[in-house]
Amino acid sequence: MAMAMTVGVAGSASAGGALSASPTSDRARASDHARLRAVLQRLTTVDGAPGALAEVRTRRGSTVLTSGVADVRSRTPMRGDSRFRLGSMTKPFVATVLLQLVGERRVRLDAPVERYLPGVVRGHGNDGRAITVRQLLQHTSGVPDFLQYLRPQEIVADPLARRDTRELLDIALAHPPTFAPGTGWRYSNTGYLLLGMIIEKVTGRSYGDEIRRRVIRPLHLHDTFAPGDASGIPGPHPRGYARPGPDAPLVDVTAVSPTIGGAAGELISSASDVNRFMAALLRGALLRPAQQREMMRTRPTGGSDGRAYGLGLESSPLPCGGLYWGHTGDFLGYETATGIAGGRQVTVMANLGPGASDAQSDDIETAVETALCEGRHTSNR
């Protein structure tokens, strides 16, 4: 959803087939790690995050880099196998399940939301009869984002407060649409709450159960959970922190009600699982070809950075040329990003938010770009 450290490195070979390495590619890998380590160290010093990690995968294997601490009191180092809250990186999972239902002809992309959720989207000019499923997936529905009307300080002040999906919808639908459906683009977490409700209406099971059945179990994602009402993070994890004000001390928000995110941002996972999921998604292992094409048919988001949004996936230009696919995420205590281009991919996490500096978000993006680009810089010299 859209709040002086030692650098450690842990490496492991992947289960996939290894490619033979030339001396040039070995030097490229060493350079990659040095540059990425420097970005992670900047995240945990200049930028102010307690800790950070990145898992980089190539066709040759995977490497986990960590910086800083998982706990500011005990000074426990960040672990490479940490689990954390994904925030809006939940959205590609939800979009995948929804598009599987499209492939099964149980949902139509261009059908009105009203068909699946009669009478739900109403009020102040919001009308589910005029909004399509596709528009929810692509953030072109104009449905107001409920997080625009909940102050981060309010959420941090009571992180364990349970918030029903209908309550969050009521907050959003008490305001007029951002624009007429299909005429603009603006990120809306509300749209993905509605998509979770559509999944439940069509299947008779919660969106979390469907993600477990259709994605988590087939891909053996042992670190990935839809927590429901559970406020903790199972297994190894860093503490999550927020900063309520510019000069305020860090607040531990590790224990939080995930209902503030729901289908828009509540999943828990690890860098390794996210990378495995993204690799499967991009190689076509989770969707039929027609739905894969729909997911990757993008529209500009309106900024000057060249970003474009598909159906639950974003494409962004790389400084070394070409595009990468991925998503970012923010949740109480954590900021995340994932990206994949060609044979390289990376997932990055810092355990601070909200209240992180703009520099933290910029450097998380830089970490993704560095991991995806560095080898290409070296090989193209």
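Residues numbered from 1 in each chain as written. Predicted model: local features only at pLDDT ≥ 70, side-chain atom pairs only at ≥ 80, totals over all residues. Heavy atoms only, no water.

Tell me what's going on with the overall build of the protein, and back it up with residues and numbers.
When its secondary structure is counted, the protein shows 10 helices and 15 strands. Classification of the 381 residues of the protein by burial places 57% in the buried group. (Helix = DSSP H or I, 4+ residues; strand = E, 2+ residues; numbered from the N terminus. Buried < 20%, exposed > 50% of the residue type's maximum accessible area, 1.4 Å probe, protein only.)

If you had to explain helix 8 (residues 271-282) to someone new, which residues and values would you point to?
In this model, helix 8 (12 residues) spans 16 Å end to end at C-alpha, consistent with the 16 Å of a helix rising 1.5 Å per residue. For helix 8, the buried fraction is high: 9 of the 12 residues fall into the buried class. When helix 8 is considered as a whole, its buried residues turn out to be Ala-271, Asp-273, Val-274, Asn-275, Phe-277, Met-278, Ala-279, Ala-280 and Leu-281. (Expected span 1.5 Å × (residues − 1).)

Tell me what's going on with the side chain of Asn-351, and back it up with residues and numbers.
By secondary structure assignment, the location of Asn-351 is in the loop between strand 15 (344-350) and helix 10 (358-379). At a separation of 2.9 Å, a polar atom in the side chain of Asn-351 contacts the main-chain carbonyl oxygen of Arg-239. For Asn-351, the residues in contact, after removing those within four places along its chain, are Pro-50, Gly-51, Val-69, Ala-70, Met-78, Pro-238, Arg-239, Gly-240, Tyr-241, Gly-333 and Tyr-334. (Polar contact = N/O pair within 3.5 Å; in protein donor to acceptor, adjacent residues only side chain to side chain. Contact = heavy atoms within 4.5 Å.)

Explain the pattern of salt bridges to me, using residue names and the numbers behind them.
The tally for this structure, following the rule as stated, stands at 24 salt bridges. Its salt-bridge partner being Arg-35, residue Glu-374 comes within 1.9 Å of it at the nearest N-O pair. Of this pair, Glu-374 sits in helix 10 while Arg-35 sits in helix 1 (residues 23-43), and the two are 339 residues apart along the sequence. Residue classification places Arg-35 among the partly exposed residues on the basis of a relative accessible area of 30%. The structure contains a network of salt bridges with shared partners spanning Glu-104, Arg-106, Arg-205, Glu-210, Arg-213 and Arg-214. (Salt bridge = Lys/Arg side-chain N within 4 Å of Asp/Glu carboxyl O.)

A description of the packing of aromatic side chains should follow, citing residues and the corresponding values.
Applying the stated criterion across every chain yields a total of 3 aromatic pairs. Ring centres 3.8 Å apart and planes at 15° place the aromatic pair Phe-93 and Phe-277 in the stacked group. Linking Phe-93 in helix 2 (residues 90-103) with Phe-277 in helix 8, this pair joins segments that are 184 residues apart in sequence. For Phe-93, a relative accessible area of 1% puts it in the buried group. Over the ring of Tyr-192 we find Lys-91; its NZ or CZ atom is 5.5 Å from the centre of that ring. (Phe/Tyr/Trp six-rings, centres within 6.5 Å; stacked < 30°, edge-to-face > 60°. Lys NZ or Arg CZ within 6 Å of the ring centre and 35° of its normal.)

Explain the packing of helix 2 against helix 6 (residues 189-203) to me, using residue names and the numbers behind them.
Here helix 2 crosses helix 6 at 40°, and the two axes come no closer than 10 Å. By the angle between their axes, helix 2 is oblique relative to helix 6. In the packing of helix 2 onto helix 6, the handedness of the crossing is left-handed. Here helix 2 contributes Lys-91, Val-94, Ala-95, Val-97, Leu-98 and Leu-101 to the contact with helix 6, which in turn contributes Asn-189, Tyr-192, Leu-195, Ile-198, Ile-199, Val-202 and Thr-203. Across the contact of helix 2 with helix 6, the residue classes tally to 10 nonpolar, 2 polar and 1 charged. (Axes fitted to C-alpha atoms, helices over the stretch in contact; angles between N-to-C directions. Parallel < 35°, antiparallel > 145°, perpendicular 65-115°, else oblique. Left-handed = near helix turned anticlockwise from the far one by under 90°. Nonpolar A, V, L, I, M, F, W, Y, C, P; charged D, E, K, R; others polar.)

An account of the pairing of strand 14 (residues 334-341) is requested, with residue identities and associated values reported.
Most of strand 14 sits inside the fold, with 8 of its 8 residues counted as buried. Burial along strand 14 is two-sided: the residues Tyr-334, Thr-336, Thr-338 and Ile-340 and Glu-335, Ala-337, Gly-339 and Ala-341 are all buried. In this structure, strand 13 (residues 323-331) lies alongside strand 14, joined through 7 bridges in antiparallel fashion. Note on strand 14: the bridge partner recorded for Gly-329 is Thr-336. Here strand 13 folds back onto strand 14, and the loop between the two strands holds 2 residues, one of which, Gly-333, carries a positive phi near 95°. Sheet analysis places strand 14 next to strand 15, joined by 7 bridges and oriented antiparallel. (Pairing = 2+ DSSP bridges.)

Residues and numbers for the pairing of strand 13, please.
In this structure, strand 12 (residues 314-317) lies alongside strand 13, joined through 4 bridges in antiparallel fashion. Residue pairing in the sheet places Ser-315 in a bridge with Trp-325 of strand 13. The antiparallel hairpin formed by strand 12 and strand 13 contains 5 residues in its connecting segment, where Gly-321 sits at a positive phi of about 105°.

Describe unusual backbone geometry, listing the residues and the values that go with them.
Residue Pro-354 is reached from Gly-353 by a cis peptide bond, and omega for that bond is -5°. Among the structural elements, Pro-354 can be located in the loop between strand 15 and helix 10. Of note in the backbone geometry, His-220 takes a positive phi value of approximately 55° without being a glycine. Mapped onto the elements of the fold, His-220 is located in the loop between helix 7 (207-219) and strand 7 (241-242).

Break down the environment of Arg-73 for me, citing the residues and quoting the values.
In this fold, Arg-73 is placed in the loop between strand 3 (61-68) and strand 4 (83-85). As a C-alpha pair, Arg-73 and Arg-239 span 166 residues in sequence and 9.9 Å in three-dimensional space.

Outline the environment of Thr-366, listing residues and values.
Position of Thr-366 among the secondary structure elements: in helix 10. Ignoring anything within four residues of it in the chain, the contact list for Thr-366 reads Val-39 and Arg-42.

A description of helix 7 should follow, citing residues and the corresponding values.
With 13 residues, helix 7 should cover 18 Å at 1.5 Å per step; its first-to-last C-alpha distance of 17 Å lies within 8% of that length. When the local axis directions of helix 7 are compared, the greatest deviation, roughly 35°, occurs at Arg-213. Residues Tyr-207, Gly-208, Glu-210, Ile-211, Arg-214, Val-215, Ile-216 and Leu-219 constitute the buried set of helix 7. Backbone geometry just downstream of helix 7 places His-220 in the positive-phi region, at approximately 55°. (Bend = angle between axes of the 7 residues up to and from the residue.)

Can you break down the side chain of Thr-301 residue by residue, with the values?
Locating Thr-301 in the fold gives a position in the loop between strand 10 (299-300) and strand 11 (308-309). Relative accessible area serves as the criterion here: at 17%, Thr-301 is assigned to the buried category. Once residues within four sequence positions are removed from consideration, Thr-301 is found in contact with Trp-185, Arg-307, Ala-308 and Tyr-309.

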